[in-house]
Every structure is written in structure tokens, then in C-alpha cells.
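# Per-entry structural report
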Amino acid sequence: DRRDNATRRVNENYAQLFGQGKYHSCEAYRDFRDVLARDDIDAVLIATPIHWHGVMAIMAAEAGKDIYCEKPNAITIREAQAIKDTVLRYDRVFQAGTQQRSEYGGKFRRAAELIRNGAIGQLKEVYACRPGGTFEWIEYGPPKPVPAGLDWDLALGPAPWQPYGGVAHAHMFCGVGDINWGPHHYDFIQWVLDADRSGPVELFFEKNVLQYRYANGVVVHAEQFPGDSTGSSGGARFIGTDGWIAVDREQLTASSPEVLERPLDPSIPRLYYSDSHSGNFLDCVRTRKRTICDVETAHRSASAVLLGGLALQLQRSLKWDPQREEFPGDAEANRLLSAAYRVPWEI
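Reading guide: rules and limits
- Think of each chain on its own: its residues are numbered from 1, step by step along the sequence as written.
- Residues qualify for local features only when their pLDDT is at least 70, as the model is predicted, and side-chain atom pairs are given and counted only at 80 or more; totals for whole chains, interfaces and linings, by contrast, use all residues.
- Side-chain calculation: all heavy atoms of the structure are included, whereas hydrogens and water are not.
- Runs of H or I in DSSP of at least four residues are treated as helices and runs of E of at least two as strands, each being numbered from the N terminus.
- Both definitions apply: the radius of gyration is a C-alpha atom measure, and the globule rule equals 2.2 Å times residues to the power 0.38.
- The cut-offs for exposure are 20% and 50% of the maximum accessible area for each residue type, with area from a 1.4 Å probe on protein chains only; residues under the lower value are buried, those over the upper are exposed, and the others partly exposed.
- Residue contacts follow a heavy-atom distance rule, with two residues in contact if any of their heavy atoms lie within 4.5 Å.
- The Shrake-Rupley method, run with a 1.4 Å probe sphere, supplies the accessible areas, and residue values consider only the shown protein chains as cover.
- None of His or the chain ends enter the tally, which takes Lys and Arg as positive and Asp and Glu as negative.
- Every charge is mapped onto a representative atom, which is NZ of Lys, CZ of Arg, CG of Asp or CD of Glu.
- In these notes, a set of buried Ala, Val, Leu, Ile, Met, Phe, Trp, Tyr and Cys residues joined through side-chain atoms within 4.5 Å is what counts as a nonpolar core.
- Axis lines are fitted through C-alpha atoms, for helices just across the contact stretch, and the angle between N-to-C directions can take any value from 0 to 180 degrees.
- Should an angle lie under 35 degrees it is considered roughly parallel, over 145 roughly antiparallel, and from 65 to 115 roughly perpendicular; all remaining angles are considered oblique.
- Under this grouping Gly is polar, as are all residues other than the nonpolar Ala, Val, Leu, Ile, Met, Phe, Trp, Tyr, Cys and Pro and the charged Asp, Glu, Lys and Arg.
- Note on definitions: salt bridges are taken to be side-chain nitrogens of Lys or Arg within 4 Å of carboxyl oxygens of Asp or Glu.
- Any two strands with at least two DSSP-identified bridges between them are counted as paired.
- Only residues above 30% relative accessible area that lack a salt bridge enter a patch, with like-charged residues linked at up to 9 Å and the nonpolar side chains Val, Leu, Ile, Met, Phe, Trp and Tyr linked at up to 5 Å.
- Definition of a polar contact: a pair of N or O atoms within 3.5 Å, with one able to donate and the other able to accept a hydrogen when the atoms are protein atoms, and with sequence-neighbouring residues admitted only if both atoms are side-chain atoms.

Take the overall build of the protein chain next. Per the secondary structure count, the protein chain includes eleven helices and 13 strands. Its C-alpha atoms give the protein chain a radius of gyration of 21 Å, near enough to 20 Å, the size a compact globule of 347 residues would have. Judged by the C-alpha coordinates and their principal axes, the protein chain covers about 60 × 50 × 40 Å. Out of the 347 residues belonging to the protein chain, those deemed buried represent 51%. Taking contacts inside the protein chain between residues at least 6 apart in sequence as the whole, the part at least 24 apart equals 68%. Of the roughly 16,300 Å² of accessible surface on the protein chain, 49% is carried by carbon and sulfur atoms. Distance from the positive charge centre (39 side chains) to the negative charge centre (46 side chains) of the protein chain: 1 Å.

So, in C-alpha cells, the structure goes:
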């Protein structure tokens, strides 16, 4: 019913726009594979339940489509790696839907460039405002009749079989930490830390709060800065030796006005500029350039969130090798890097 209602809305809108009562521009499909089979479609937007993102992104790349994938782009680190490898193998354009690098008046880009330019001295700590997060296969019940029009088997897709329990929404398998909103926070933190091709080296708990440590010594606290709400909507607070900067979608603040007014060093390279995330994707589809949240960046941002979720799941400290992408000598943690998917949706 949602699919049919959306199709009708689109077609009615364009019929009115073009003054053609029977204008038909939007086709609806039950099965996404019918869309991938069309040779006249160049790109797809994946905004499905999150346990579908990885499988669909991989299949879209194999079908020759460019991909804009909403967050989280993966539910396991091995799935994120598989997406990256497939997109690179088939030379597809990929944009992750962590739009803060492009949107919100450039506040996030300005904060990142100021911090990288030493406006707060040497960066020491970050308050991420959100924990990491990972998934678990949650069962809902008791069983209920499947609603008319819902293909429950296809809705489950790669998830283990379970009876319909009244839930078929985007986050029906979220279970540990914050896999849904956390990607916005950690993608931005990775950008500031110049970690788009790397990640943390350790996860540990201090006073029952998850902490990330990066190779440069910066510690990321997976919580709100005490007594402060700045950074709650997708942002973070960055604390250096000479002050602090906090940013979210509503505001950009600092320890003093002079911090935000500091001119940027012309010898330090500026960050990738984009003022429209969807526009950046479409431009790169045409030009074949790298997007601002390309597949390798997306992989590392997803990994940062998922690593925190695994530490929360295990409730213990973890060492992480961002080059080998494994927990050295930790078989229990390494088993959680992947998940088994239901046939025929293996990756």
C-alpha cells in the first residue's frame, strides 16, 4: 500500500506539473531485482530496512548501477568490506547518506577545517554524543497474520526466518547501542581525525562508558559532554590544548569567538567541498569522480560505529588493527565481524 500510494503521488505531481492528466513517470516494483534488471536505469537510492542495505548495494554494483545508500550502509564490518570491494571492482560511484559533510550551511566542514588547522591547539578528546552500535537478529511476537500486500519473505530477505510479529520497519533488527543515528556522529569524527582510510586502534570502558582510542592518542568518548546538549543532533565536541569546538546541525560554538574567526592556513589543504549531498552524487555519476562520502570512507565510518557496538556487545576492551581489519589474537571478537545470511542472500 505504501508503494502504490507513493507511485500515485509522484505521477499525480508530474501530471499536474506538465499539465498532462495521464502523465506516467513512476513505475513501482515489488522486487528490487526487477529494477536492477533494467538497462535504462543508471543509479539507485537504497533506503530500505537496514539489514537489506549491504546485499542490495552489492547486487546493484554487480548490475552496473551507481549507488546512493542510506546509513548505516552495513550491519557488519565484513559486509562493509564486501560492499567496498564490489563497488571498486565494478568501478561504480557510491555515496553514503551521511550528509553532514555537505549540508547544514557548511558548519561541519568549517569546524573540521578549523580543528585541522590547529584552532584549538592539539586535539586531545572528542565527545561523540552517541554510543557505537551493532545489530542483533531480534524476534518479535507473538505471531500475527501477515498484512495483505506485505511480502514477508522478501521483507526478511537475508535475516533468519521468523513469523511475522507486527514489525516490518526500517530498524526492525537494531539491538545494541545506536546503529541508526550513530553513523552521522562517527562519520564526522572520522573526517575531522583524517581517518577516512583508517580507524581506532582500541576500544575500552572507563566508568562504564565506551571509549575509542586512535593511533594519534585522541580519545573519543561515546557519550554527551557533561551538562551540555551541543552536538546531540549529529555532531560532537572537540577538546584541544587551547580550547574547544562543538558543532551539530543547529549550531557551531567554541570556547571563545576568536576560535571560530581564526583564518585558515593556506598551506594546509582544504577539505572536499560540497553544498548538496544528492547534488554531489549526481555530479559524480556524470563525471565519474569520487563522491564526498565514497565507498572507502563509508566503509571506515561504518566500521567505527560497528566496532563500538561489538565492544558493547562483549562488554570488554578490544584491540583493533585498522590495517588488517581484525582483532589481533581475539577469536571471540573476530567471529562477530560477520553474520550468516539466509539463502539465497549470502554475500
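There's more to say after this.
Let us look at the nonpolar core. Core analysis: the largest hydrophobic core is formed by 77 residues, its most contacted members being Phe 94 and Phe 238. Looking at this core, the element that brings in the most residues is helix H10 (residues 295-314), giving nine residues. The contacts of Phe 238, once residues within four sequence positions are left out, are Ile 115, Ile 120, Leu 123, Glu 125, Val 126, Phe 188, Ile 189, Val 192, Gly 243, Trp 244 and Ile 245.

Moving on to the packing of helix H3 (residues 53-62) against helix H4 (residues 77-89). Two numbers describe how H3 lies on H4: the axes approach to 9 Å, and their chain directions differ by 10 degrees. Between H3 and H4, the crossing angle belongs to the class labelled roughly parallel. The segment H3 lies against H4, with Gly 54, Val 55, Ala 57, Ile 58, Ala 61 and Glu 62 engaging Glu 79, Ala 82, Ile 83, Thr 86 and Val 87. Classifying every residue of the contact of H3 with H4 by side-chain character gives seven nonpolar, two polar and two charged.

What follows concerns helix H7 (residues 182-192). Most of H7 is tucked away, with eleven of its eleven residues classed as buried. The complete set of buried residues in H7 reads Gly 182, Pro 183, His 184, His 185, Tyr 186, Asp 187, Phe 188, Ile 189, Gln 190, Trp 191 and Val 192. Once H7 ends, the next one or two residues include Asp 194, with phi positive near 55 degrees.

What follows deals with the pattern of salt bridges. In total, this model carries 23 salt bridges according to the counting rule given. Note that Arg 3 is salt-bridged to Asp 4, the shortest N-O span being 3.9 Å. Residue classification places Arg 3 among the partly exposed residues on the basis of a relative accessible area of 36%. Among the salt bridges present, the one from Glu 202 reaches Lys 319, with a minimum N-O distance of 3.5 Å. Of this pair, Glu 202 sits in strand E7 (residues 202-206) while Lys 319 sits in strand E13 (residues 318-319); the two residues are 117 residues apart in sequence, bridging distant segments of the chain.

On to the sheet that holds strand E2 (residues 66-69), then. Within the open sheet, the three strands sit side by side as E1-E2-E3. Their pairing is parallel. A single partner strand is all that each edge strand has here, and the edge strands are strand E1 (43-46) and strand E3 (94-96). Strand after strand, the sheet turns through a mean of 10 degrees between neighbouring axes, direction not considered. Looking at chain direction, E1 and E2 are connected through four bridges and run parallel. Across the sheet, the residue bridging to Leu 45 is Tyr 68, located in E2.

Attention shifts here to a nonpolar patch on the surface. Together, Val 10, Tyr 14, Leu 17 and Phe 18 make up an exposed nonpolar region whose accessible area comes to about 360 Å². With respect to the helices, strands and loops of the structure, Phe 18 is situated in helix H1 (residues 2-18). Judged by relative accessible area, Phe 18 falls into the partly exposed class, the value being 42%.

So, on to the sheet that holds strand E10 (residues 236-240). Strand order in the open sheet made by the eight strands is E12-E11-E10-E4-E9-E8-E7-E13, with mixed pairing throughout. Every other strand in the sheet has two partners, leaving strand E12 (252-254) and E13 as the edge strands with one partner each. Across three bridges, the pairing between strand E8 (residues 209-213) and strand E9 (residues 219-221) is antiparallel. Paired with Gln 211 across the bridge in E9 is His 221. Along the sheet, H7 makes contact with strand E4 (123-127), E8, E9, E10 and strand E11 (243-247), crossing E10 at roughly 30 degrees.

One can find Asp 66 in strand E2. Among the residues examined, Asp 66 registers a relative accessible area of 2% and is labelled buried. In this structure the side chain of Asp 66 is engaged in a polar contact, spanning 2.7 Å, whose partner is the side chain of Arg 288. If near-sequence neighbours (up to four positions away) are discounted, Asp 66 is found in contact with Asp 42, Ala 43, Val 44, Arg 92, Val 93, Phe 281, Val 285 and Arg 288.

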